[in-house]
Amino acid sequence: MAKLLALAVFVAAFLAQVLAEEAVSVSKTRKDGGLSRYMLLINKEEQLATEHVWAGRDSATVLFDYKNGIIAYRVFDGRACYAAKMNRNTFPALDKLRETLDNEKNHKQSPPPPGKKYNVNPVPMKDQGKLGAPVQALCQGLPAYWAQEQIGEMFFIDAGACLRVDLLILDVSLCGHVGLW
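## Things to note about the state of the cysteines
In total, this model carries one disulfide according to the counting rule given. Disulfide pairing places Cys81 opposite Cys139 at an S-S distance of 2.0 Å. Residues Cys81 and Cys139 are joined by a disulfide whose S-S torsion is about -60°; by sign, that bridge is left-handed. You can see Cys81 sitting in strand β6 (residues 80–85) and its partner Cys139 sitting in helix α3 (residues 133–139), a full 58 residues away along the chain. Cys81 gets classed as buried once you look at its relative accessible area, which sits at 0%. Judged by relative accessible area, which is 1%, Cys139 ranks as buried.

## Points about the pairing of strand β10 (residues 171–176)
Extensive coverage of β10 is indicated by the burial of six of its six residues. Pairing between strand β7 (residues 115–124) and β10: six bridges, direction parallel. Within the sheet, the bridge partner assigned to Tyr118 lies in β10 and is Leu174. Two elements, strand β9 (residues 162–166) and β10, share five bridges in a ladder whose sense is antiparallel. Counted as the bridge partner of Leu163 is Leu174 from β10. Adjacent in sequence and paired antiparallel, β9 and β10 are bridged by four residues.

The rules we used
- Residues numbered from 1 in each chain as written.
- Predicted model: local features only at pLDDT ≥ 70, side-chain atom pairs only at ≥ 80, totals over all residues.
- Heavy atoms only, no water.
- Disulfide = S-S within 2.5 Å.
- Helix = DSSP H or I, 4+ residues; strand = E, 2+ residues; numbered from the N terminus.
- Buried < 20%, exposed > 50% of the residue type's maximum accessible area, 1.4 Å probe, protein only.
- Pairing = 2+ DSSP bridges.

The following block contains the structure:
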């Protein structure tokens, strides 16, 4: 089963790269010293960006659905999906992702990605359909949890551990009901 899942992820990543308008693949050293491989795909026509992170136990696929204003995080070892509303005032615009692609392609030094922290609702969503077809496809077969962006430290509810997802464009912490291994 694990081999089948790995093959499906590989095929999906390959097809996504073929269908994307722009793509970049890079390897970087993480903050903990480990090596991660990143693939960022942008489809301007569909207003979608997808980032695949291969980092051992910290591997994830993140979908940025600009059309529906939803971000979805599929964390592989956690066997769960997390969705959040995209705060367009603080979230990098699709053009900023293009700039990140250019910087990575040209090996230009860029500032560290901004951080976002989310509080995860412990109750799984009953209907993933309202999140849109791309997110529904990403989260298919997994429990999905709604996450609320934390604005400022005083609003954080300490409801458990945090799961970190380090991306090319964003450092994310999903806190509360998260599937930690």
